[in-house]
Amino acid sequence: MARRGAAGGDRKGRAGRAAPVGNVSEPVDGGLAELVPDRERRRAWTLTIDGAPQSHVDLDDPTYLSFEYQRRIGHIADLVAPAGQPLRVVHLGGGAFTLARYIAATRPRSTQQVIEADAALVQLVRRELPPDPQARIRVRSTDARAGLGKIQDGWADLVIADVFSGARTPAHLTSTEFLAEVRRVLKPGGSYVANLADGPPLAHLRGQIATAATVFPELALAADPTVWRGRRFGNAVLLASDTAPDIARLTRRVATDPHPGRVEHGRALADFTGGAAPVHDADARPSPPPPPDAFR
C-alpha cells in the first residue's frame, strides 16, 4: 500500500490522472520504491529504490533532465540523427521512463520499447506518473537480455542501457556476448549508449570499454573529471557505434552542460583502458557496489 504525505491537494497529470501528492512509498520487486517530490519543480519527482536514486521526472516538462548521466545520454540522443527525426529506440531498464519521455517529446512519432524486469515498478510508475498516452512507448516486463533477444535484427536506431539491480549492473549485461546481441538489434550506423557506474580504481569501467571495443569500432566516453581521475564513485556514459560519432559537438554539449564533463575517444580512450581484458559471459561480474555514502 502506497503511503502519501499530507501536503497539498491532488494535481492532475497531462493524461488527466492525479499526480502523486507528497512522498509515495511502495515495495517493488527490486526493493522499496519511493517517489519524492522535487521542491523546486511543481510536478516533478525523484524515484529511489532502497534509497538509491533511479530517475527524475518532470510531468510538466519531459525535456528536463536532472541527473547528470541522463543529461549526457540526452545529448547523445539529440545528436544521433537530425533534430526532430523520429527514432526507433530500445531502453534496457525503465526506471520512471525518463529518457523515453524525453525522446517522445523531442522526437515526436518515435517508436520506443522499454524492457524493465521489475513489473511492480512498471505498475507504480504507470499509475503515479503516467506517460503521455500519445507517446509510442511499449513496455515489456522481462529481463533486459531476454527481451533484447526478442527484437528483430536491425530494428533500432538507438539502444540505451541503464539497468541496475539495486545499485549494480547485473553480470550478464556486461559481456561481449551481450553486446553482440545489442549490435544485432541495431541498424547499420545505429548507436549503443550505456550508463556505467564505477569508482577507484575504475577496473570495471576499463573492462567495459575493452569489452565494447571488441564489438564496436567507434567508442566515446563522457564523465565528470573527478570520475575520470578515479577520485570518486560516479557514472560514465559510453557511446558505441559502427560509425564515427560527431565528437566535436558531443564534447561541446558535455563541456557546457550545467553538470560539465569531459569526453574521450580514439587513442586517449584506448590509453585510458590500459590493456584491460574484455569481459565474457563465463567470467562476468556485476558492477561494483557504491560506497555507503554515495547517495548522501
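The structure presented is a predicted model; accordingly, all values stated were derived computationally and were not measured. Along each chain, numbering runs from 1 in the same order as the chain's sequence is written. This being a predicted model, a pLDDT of at least 70 is required before a residue's local features are given, and a value of 80 or more before pairs of side-chain atoms are given or counted; all residues contribute to the totals for chains, interfaces and linings. The side-chain numbers reported here are obtained from all heavy atoms of the structure, hydrogens and water having been left aside.

### Some remarks on the packing of aromatic side chains
Which entries qualify depends on this criterion: Note on aromatic contacts: the rings of Phe and Tyr and the six-membered ring of Trp form a pair at centre separations within 6.5 Å, being stacked when their planes are under 30 degrees apart, edge-to-face when over 60 apart, and tilted otherwise. In this scheme, a residue with accessible area under 20% of its type's maximum is buried, one over 50% is exposed, and one in between is partly exposed, where area comes from a 1.4 Å probe on protein chains only.
As enumerated under the stated definition, the model contains 4 aromatic pairs in all. Aromatic pair Phe67 and Tyr69: ring centres 6.3 Å apart, planes at 45°, arrangement tilted. Each of the two residues, Phe67 as well as Tyr69, counts as buried. On the numbers, 6.5 Å between centres and 75° between planes, the contact of Phe178 with Tyr192 is edge-to-face.

### Here's the deal with the pairing of strand β7 (residues 52-58)
Our working definition: Counting from the N terminus, the helices are the DSSP runs of H or I reaching at least four residues and the strands are the DSSP runs of E reaching at least two. Pairing between strands is defined by DSSP: at least two bridges between them are needed.
Most of β7 is tucked away, with 6 of its 7 residues classed as buried. Hairpin geometry of strand β6 (residues 44-49) and β7 is characterised by an intervening segment of 2 residues between the two adjacent antiparallel strands and by a positive phi of about 50° at Asp50.

### A few points about the environment of Ser55
To keep things clear, this is the line we draw: Contacts: residue pairs with any heavy atoms within 4.5 Å of one another.
In this fold, Ser55 is placed in strand β7. Judged by its relative accessible area of 2%, Ser55 is buried. Along the primary structure Ser55 and Phe67 are separated by 12 residues, whereas in three dimensions their C-alpha atoms are 7.6 Å apart. Beyond its immediate chain neighbours, meaning those up to four positions away, Ser55 contacts Trp45, Thr46, Leu47, Phe67, Gln70, Gly95, Ala96 and Thr98.

### A look at the pattern of salt bridges
The cut-off we apply is this: Salt bridges are identified by distance alone: a Lys or Arg side-chain nitrogen within 4 Å of an Asp or Glu carboxyl oxygen.
Going through the model one piece at a time under the given rule, you end up with 18 salt bridges. Among the ionic pairs, Asp61 bridges to Arg41, the shortest N-O distance being 3.8 Å. Pair noted here: Asp61 is in the loop between β7 and α1 (68-79) and Arg41 is in the loop between β5 (31-37) and β6, with a separation of 20 residues, a long-range link. Here Asp61 falls in the partly exposed class, since its relative accessible area comes to 28%. You can call Arg41 partly exposed: its relative accessible area is 24%. The shortest N-O distance in the salt bridge between Asp281 and Arg145 comes to 2.8 Å.

### Some remarks on unusual backbone geometry
Between Pro200 and the following residue, Pro201, the backbone shows a cis peptide bond with an omega angle of 10°. With respect to the helices and strands, Pro201 occurs in the loop between β12 (186-198) and α6 (203-213). One non-glycine residue, Asp50, adopts positive backbone phi at about 50°. Mapped onto the fold, Asp50 is located in the loop between β6 and β7.

### Some remarks on the nonpolar core
Condition: We call a set of buried residues a nonpolar core when its members are Ala, Val, Leu, Ile, Met, Phe, Trp, Tyr or Cys and they connect through side-chain atoms within 4.5 Å of each other.
Grouped together as the largest cluster of nonpolar side chains are 36 residues, with contacts concentrated most on Val90, Leu92, Val159, Val182 and Tyr192. In this structure, Ala77, Val89, Leu239 and Val263 belong to the second largest nonpolar core, which totals 24 residues.

### A closer look at the confidence of the model for the chain
Convention followed: Note: pLDDT gives the predictor's confidence per residue, expressed from 0 to 100.
Across the chain, pLDDT averages 92, with 92% of residues at or above 70. Between residues 1-16, whose pLDDT stays under 50, and residues either more than four places distant or in other chains, the model counts 43 contacts.

### Here's the deal with the pairing of β6
Counting buried residues in β6 gives 6 out of 6 residues, a clear majority hidden from the surface. Alternating positions in β6 separate into two faces, Ala44, Thr46 and Thr48 on one and Trp45, Leu47 and Ile49 on the other, with burial throughout. With 5 bridges joining them, β5 and β6 adopt antiparallel strand pairing. In the sheet register, Val36 faces β6, and the bridge partner there is Thr46. Linkage of β5 to β6, two consecutive antiparallel strands, is achieved through a turn of 6 residues. By the bridge criterion, 6 bridges tie β6 to β7 in an arrangement that is antiparallel. Each residue of the ladder has a partner; that of Ala44, found in β7, is Asp58.

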